[in-house]
Amino acid sequence: YRPVFVGYAQTGVLHGGVVTAMQDESCGMAVQLALDGTRAIATLDLRIDYQKPATPGLALRAHSVCNRITRSIAFVRATAYQEAEDDPVATATACFMIGANRTNMLRDKPVGFRLPPPLEVPQDASNGPFADSPFARSLGIRLGEEGTLVMPFSEQIIGNPILPAIHGGMTGAFLETAAVIRVMGELGVSVPPKPIGLTINYLRSAGARDTHARASIVKQGRRIIAFEAQAWQDDPQKPVASAFGHFMLRKTPGAEEE
């Protein structure tokens, strides 16, 4: 647990994107170990079901199992938890493409590789949309044009240093953040909604460039919001990832969750 991973400063609860990033990393490692590091892989899709908010101050753990491998696809299931695996914070299922590119992260060594700098939370003196979200600020996410968000490229968000490419979990965190900002802005609420479930489809490798995202509300109920989001780099018609999910609206800070 680190303060930089917090999604909403008023509660100290981890950002849903942190859980997504850890599940993606854990699933990928399970596949690499099942393949003995002999082939490159890439995430095709990742489905996260958020069971409950992570307790502030406790470490987050993940356990993933690669339960089937075909010639081209690997199937994985994962659990993120804090104190006991049978009391999960989130569960996940994922599919990975095998032989996605010529890199092998367990064997190949990137030229000139060095450890990335740690995530830090920059100061935000404004009352902007990210003032209460340390994790979003640490990624440098900012408002773009025509209702879009921008996540600038940095070494902190690299997942494959050999290509290099942005970590799939960071892309998922960015899409979720875009949806949160869209819902808060459109509904005029001051408290971020609670994530229920998120499905991310990875369509292209996200390279060492700025990434843009846009989200929209698909359906709005009394408490539940369905949303979709899309991320791209150079061309909006060529997205690197898309997401669909559900939020639950919170009534007041500190109110008891369902």
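Each value, and the rule that gives it
- Residues numbered from 1 in each chain as written.
- Predicted model: local features only at pLDDT ≥ 70, side-chain atom pairs only at ≥ 80, totals over all residues.
- Heavy atoms only, no water.
- Helix = DSSP H or I, 4+ residues; strand = E, 2+ residues; numbered from the N terminus.
- Buried < 20%, exposed > 50% of the residue type's maximum accessible area, 1.4 Å probe, protein only.
- Contact = heavy atoms within 4.5 Å.
- Areas by Shrake-Rupley, 256 points an atom, 1.4 Å probe, with all protein chains shown as cover.
- Lys, Arg positive; Asp, Glu negative; His and termini not counted.
- Charge placed at Lys NZ, Arg CZ, Asp CG, Glu CD.
- Polar contact = N/O pair within 3.5 Å; in protein donor to acceptor, adjacent residues only side chain to side chain.
- Pairing = 2+ DSSP bridges.
- Axes fitted to C-alpha atoms, helices over the stretch in contact; angles between N-to-C directions.
- Salt bridge = Lys/Arg side-chain N within 4 Å of Asp/Glu carboxyl O.

Student: When you look at the overall build of the chain in this model, what are you seeing that I'm missing?
Tutor: Summing up its helical and strand segments, the chain has three helices and 14 strands in all. Each principal axis of the C-alpha atoms in the chain carries an extent, and together these give about 50 × 40 × 35 Å. Counting only residues that meet the buried cut, the chain has 46% of its 258 residues in that class. Here the analysis covers contacts within the chain between residues at least 6 apart in sequence; of these, 64% occur between residues at least 24 apart. Counting every atom, the chain has about 13,000 Å² of accessible surface; 50% of that belongs to carbon and sulfur. On the chain, the mean spot of the 25 positive side-chain charges and the mean spot of the 25 negative ones are 5 Å from each other.

Student: Honestly, the side chain of Gln233 in this entry has me stumped. Any pointers?
Tutor: Among the secondary structure elements, Gln233 is positioned in the loop between β13 (224-232) and β14 (241-248). Accessibility expressed as a relative area gives 6% for Gln233, which makes it buried. A polar contact is formed between the side chain of Gln233 and the backbone nitrogen of Gly207, at a distance of 2.9 Å. Among the polar contacts made by the side chain of Gln233, one reaches the side chain of Thr211 at a distance of 3.2 Å.

Student: Looking at this model, I keep getting lost on the sheet that holds strand β5 (residues 73-81). Mind explaining?
Tutor: Remark on secondary structure: sheet strands pair via backbone hydrogen bonds, oriented parallel or antiparallel. Read across the sheet, ten strands follow the order β4-β5-β6-β3-β11-β14-β13-β12-β8-β7 without closing on themselves; strand pairing throughout is antiparallel. Every other strand in the sheet has two partners, leaving β4 (61-69) and β7 (142-143) as the edge strands with one partner each. Pairing of strand β8 (residues 149-151) with strand β12 (residues 211-220), which is carried by three bridges, proceeds in the antiparallel orientation. Bridge pairing in β12 links Met151 to Thr211. Across the sheet, helix α3 (residues 168-187) lies against β3 (41-50), β8, β11 (194-202), β12, β13 and β14, angled at about 50° from β12, the strand it touches most.

Student: Where do I start with the pattern of salt bridges in this structure?
Tutor: Should their charged atoms come close, side chains of opposite charge can pair. This structure, assessed with the given rule, holds four salt bridges. A salt bridge links Arg47 to Asp49; its shortest N-O distance comes to 2.4 Å. Its relative accessible area of 33% is what places Arg47 among the partly exposed residues. Residues Lys52 and Asp87 are paired through a salt bridge, measuring 2.7 Å at the closest nitrogen-oxygen approach.

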